[in-house]
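Spelled out, the chains give:
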Amino acid sequence: MSTIIYERRTGSGEIETHKIDELSQRLLVYLLINGSSTVDAIQEPVGATSKEEIETRHENTLGPDAAGLTELKPGNQTLDGGVPKEYTLTDSGKTFVYTHKDSLSMPADLTEIAQRVSRLQLWLDELDQRVKNIERQVEE
């Protein structure tokens, strides 16, 4: 996958350029599909090696102080009374994903599902061929 260059106009009218790498792309797609999520929920499906990797992408690449494609918001209260922060897409983030949907890197879970579907399709094709062979033998 390649890096996507995203340009954003600042409040002062200047144009900032942001490089949206593969991990950042998977993060954006994940948030569009799954909605607001905590860093714990996001890490494995997008293939991040650590929570810090997600946090760094938000701070330096995707968040309000960078490309403005993601933001943090308070999540649901936990049983212990804590309120975890959840990552979510901004309107610009949603537009970015829809605009670049054909070239974005997919989260790991979607890739795995696609591979499973492909294997199942091959298995069904093989099974269908075996049934046809049996039917031919019965007719003879």
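Here we summarise the structure given alongside this text. (Residues numbered from 1 in each chain as written. Predicted model: local features only at pLDDT ≥ 70, side-chain atom pairs only at ≥ 80, totals over all residues. Heavy atoms only, no water.)

This next bit is on the overall build of the chain. Scanning the chain for helices and strands turns up five helices and four strands. Written out in order from the N terminus, the α and β elements of the chain read β-β-α-α-α-β-β-α-α. Over its C-alpha trace the chain gives a radius of gyration of 21 Å, far above what one expects of a compact globule, namely 14 Å for 140 residues. Here the C-alpha coordinates of the chain stretch approximately 80 × 45 × 25 Å along the principal axes. Residues classed as buried in the chain amount to 31% of the 140 residues present. (Helix = DSSP H or I, 4+ residues; strand = E, 2+ residues; numbered from the N terminus. Rg over C-alpha atoms; globule rule 2.2 N^0.38 Å. Buried < 20%, exposed > 50% of the residue type's maximum accessible area, 1.4 Å probe, protein only.)

What follows concerns the pattern of salt bridges. The tally for this structure, following the rule as stated, stands at six salt bridges. Among the salt bridges present, the one from K51 reaches D40, with a minimum N-O distance of 2.7 Å. Of the two residues, K51 sits in helix α3 (residues 51-62) while D40 sits in helix α2 (residues 39-46), which places them eleven residues apart along the sequence. Judged by relative accessible area, which is 35%, K51 ranks as partly exposed. The closest approach of N and O atoms between E126 and R130, which form a salt bridge, is 2.7 Å. With a gap of four residues between them, E126 and R130 both fall in helix α5 (residues 108-139), about one helical turn apart. (Salt bridge = Lys/Arg side-chain N within 4 Å of Asp/Glu carboxyl O.)

Bringing a negative patch on the surface into the picture now. The grouping of E52, E55, E59 and D65 at the surface amounts to a negative patch. Here E55 falls in the partly exposed class, since its relative accessible area comes to 31%. (Patch = residues over 30% accessible without salt bridge, like charges linked within 9 Å, V, L, I, M, F, W, Y side chains within 5 Å. Areas by Shrake-Rupley, 256 points an atom, 1.4 Å probe, with all protein chains shown as cover. Lys, Arg positive; Asp, Glu negative; His and termini not counted. Charge placed at Lys NZ, Arg CZ, Asp CG, Glu CD.)

Turning our attention to the side chain of H18. Following the sequence through the fold, H18 ends up in strand β2 (residues 15-20). Note on H18: relative accessible area 12%, which makes it buried. A distance of 3.1 Å separates a polar atom in the side chain of H18 from a polar atom in the side chain of E16. A polar side-chain atom of H18 sits 3.3 Å from the main-chain carbonyl oxygen of A66. Excluding anything up to four places from it in sequence, H18 contacts I4, I5, Y6, R8, T61, A66 and A67. (Polar contact = N/O pair within 3.5 Å; in protein donor to acceptor, adjacent residues only side chain to side chain. Contact = heavy atoms within 4.5 Å.)

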